[in-house]
There are 2 protein chains.
Amino acid sequence: MSAVRGARARARIEVTAAIKEVARRQLAAEGAAKLSLRAVARELGMVSSALYRYFPSRDELLTALIIDAYDSLGEAAERAGGAVVGAGPVARWIAVCEAARGWALTHTHEYALIYGSPVPGYTAPQATVRAASRVGLVLIGVVRDARETSGLAELPLPAGLRPEAERMAADLAPDLPPEAALALVAAWAQLFGLIGFELFGQFKGVVEDRDAFFRHAATQLAHGVGLVGSHR
Amino acid sequence: MSAVRGARARARIEVTAAIKEVARRQLAAEGAAKLSLRAVARELGMVSSALYRYFPSRDELLTALIIDAYDSLGEAAERAGGAVVGAGPVARWIAVCEAARGWALTHTHEYALIYGSPVPGYTAPQATVRAASRVGLVLIGVVRDARETSGLAELPLPAGLRPEAERMAADLAPDLPPEAALALVAAWAQLFGLIGFELFGQFKGVVEDRDAFFRHAATQLAHGVGLVGSHR
DNA sequence: GTCTATAACGAGATAGAC
DNA sequence: GTCTATCTCGTTATAGAC
């Protein structure tokens, strides 16, 4: 009985994974807007109605793909942040940024899914928020650790932004000073500006040595959030 | 004869404009991936084959929309940069950034078209490059002027990046020091990271006072490219 | 209980004959 | 330029296999 349940559960997991894999291929070929349950079913040798046992709607399949993408990126960032605990905070920051960029370069279409144009007619449910925040949390962690070891540089905080910055800090990192939370959110967005521009072709004809360019920009971002010290 | 030609030319311009306007509405409703000449024709009461007299293919229509979007954004940035010539360089920089953000907030779908995920199966032709560079040129102009008046702060230039930075400067702004060109390209990408995150919903639940937040981030970007002085 | 297959719906796109 | 026949799609109801 429980063995049967186990077998069934295993089969279910496998089919679910196969569906998502094929859907990701479709994503790459046709884009998220044209992701079609029928085409996925066809490629799997199933009938479209059978997919509804696994995903109650096309939008739920999209949501699953989005969450998977955020988690995959988040895991890459977390791994990178954990692998260099011994190094200085700037080096750790750069490692996390480079992990995010590396993931994006090897998962172009999943990146487009989560950070590119919204899919028309689809609105991301609350369920995606947790996964979406993972990279940001890693960056926060780097700054938090740096504060305890090397210390943080002084950061500006315009009077008008103090309430906003304090709310941000309360929500995201209660142990950090508000100006650090503020700078972190900005750096977080700017990081993905760099990655997106490279990925989506805006650097064509402009930036040649993209590895070195990114490393330098990431270093500047690190300084922007108050990290200090050599990046070696 | 020439009057007829004039009338014909005028009609052609009007129809072309109408086609693009309807196409932009489609862009908003269905996304660029699903932009269909047939649907545009239907909405105009024309037959799809008639559209081919104006745009030889769907891709050419897309290209026209992309160039229009870049030009519209570029014009907004240029106007903003020109309107505050008297002010300090930081204020000018912020004005240009805010113009870009303002345009993006009021032209969400056109923004998605040019800075969002690439349209599957479409590759932008060389013809889009000129229009795409306009915002960047305005930012370069602000730094150029600042260099002659208030001067620029010192900027870092890692040894390994010197060749890249010199090539950038040669291509984009031969009168600027290489480290300024480097910082400008990074700031340019980061600016659109901020705008894209706000537009595409990444700031939901994170940034509340978005006007003030953006102004602060833009100020930091200004400092990042070496601009100095008050932002009043 | 859990799954897959058949068939159908209403809507929309598409190709080709006329 | 119009019409029609044939495709696609998401989704549901239903019936039967394991």
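Residues numbered from 1 in each chain as written. Chains lettered and ligands numbered in written order. Predicted model: local features only at pLDDT ≥ 70, side-chain atom pairs only at ≥ 80, totals over all residues. Heavy atoms only, no water.

A look at the relation of the copies chain B and chain A
- Superposing chain B onto chain A requires a rotation of 180 degrees together with a translation of 0.0 Å along the rotation axis, leaving an RMSD of 0.1 Å. The two molecules are tied by a two-fold rotation axis, judged by turn and shift. Identified as the residue of chain B closest to the rotation axis by C-alpha distance is B:Gly193, at 1.7 Å.
- Counting the interface residues of chain B, we find that 100% of their copies in chain A are interface residues as well, pointing to one common contact surface. (Least-squares fit on C-alpha atoms with pLDDT ≥ 70 in both. Contact = heavy atoms within 4.5 Å.)

So, the interface of chain B and chain A
- Facing 45 residues of chain B, the contacting portion of chain A comprises 45 residues.
- Of the roughly 3,600 Å² buried between chain B and chain A on both sides combined, carbon and sulfur atoms contribute 69%.
- At the boundary of chain B with chain A, the tally comes to zero salt bridges.
- The tally of links between chain B and chain A comes to eleven residue pairs in polar contact (both at pLDDT 80 or more).
- Of all the secondary-structure elements, those providing two or more residues to the side of chain B that touches chain A are α1 (2–30), α6 (108–115), α9 (162–172), α10 (178–199) and α11 (210–224) of chain B.
- With ten residues, α10(B) is the single largest residue contributor to the side of chain B that touches chain A.
- For the side of chain B that touches chain A, the class distribution of residues is 29 nonpolar, nine polar and seven charged. (Buried area = accessible area lost by both parts, 1.4 Å probe. Salt bridge = Lys/Arg side-chain N within 4 Å of Asp/Glu carboxyl O. Polar contact = N/O pair within 3.5 Å; in protein donor to acceptor, adjacent residues only side chain to side chain. Helix = DSSP H or I, 4+ residues; strand = E, 2+ residues; numbered from the N terminus. Nonpolar A, V, L, I, M, F, W, Y, C, P; charged D, E, K, R; others polar.)

Quick notes on the protein's contact with DNA strand D
- The environment of DNA strand D is formed by A:Leu35, A:Ser36, A:Leu37, A:Arg38, A:Ala39, A:Arg42, A:Ser48, A:Ser49, A:Tyr52, A:Ser57, A:Arg58 and B:Val47.
- The contact atoms of DNA strand D, taken as those within 4 Å of the protein, divide so that sugar and phosphate hold 48%.
- In the model, a base nitrogen of DNA strand D is placed 2.4 Å from a nitrogen or oxygen of the A:Arg38 side chain.
- Between DNA strand D and the protein, one listed contact pairs a phosphate oxygen with a backbone N or O atom of A:Arg58 at 2.9 Å.
- Top contributing element to the surface near DNA strand D by residue count: helix α2 (residues 37–44) of chain A, with four residues.
- Of the residues assigned to the surface near DNA strand D, the class counts are five nonpolar, four polar and three charged. (Near = heavy atom within 4 Å.)

Brief notes about the UniProt feature "domain: HTH tetR-type" (unreviewed entry) in chain A
- Per the UniProt entry, the sites bearing "domain: HTH tetR-type" (unreviewed entry) are residues 13–73 of chain A in this numbering.
- With 69% helix and 0% strand, residues 13–73 of chain A has end C-alpha atoms that lie 21 Å from one another. (UniProt positions renumbered as here; feature names shortened; annotations may be inferred.)

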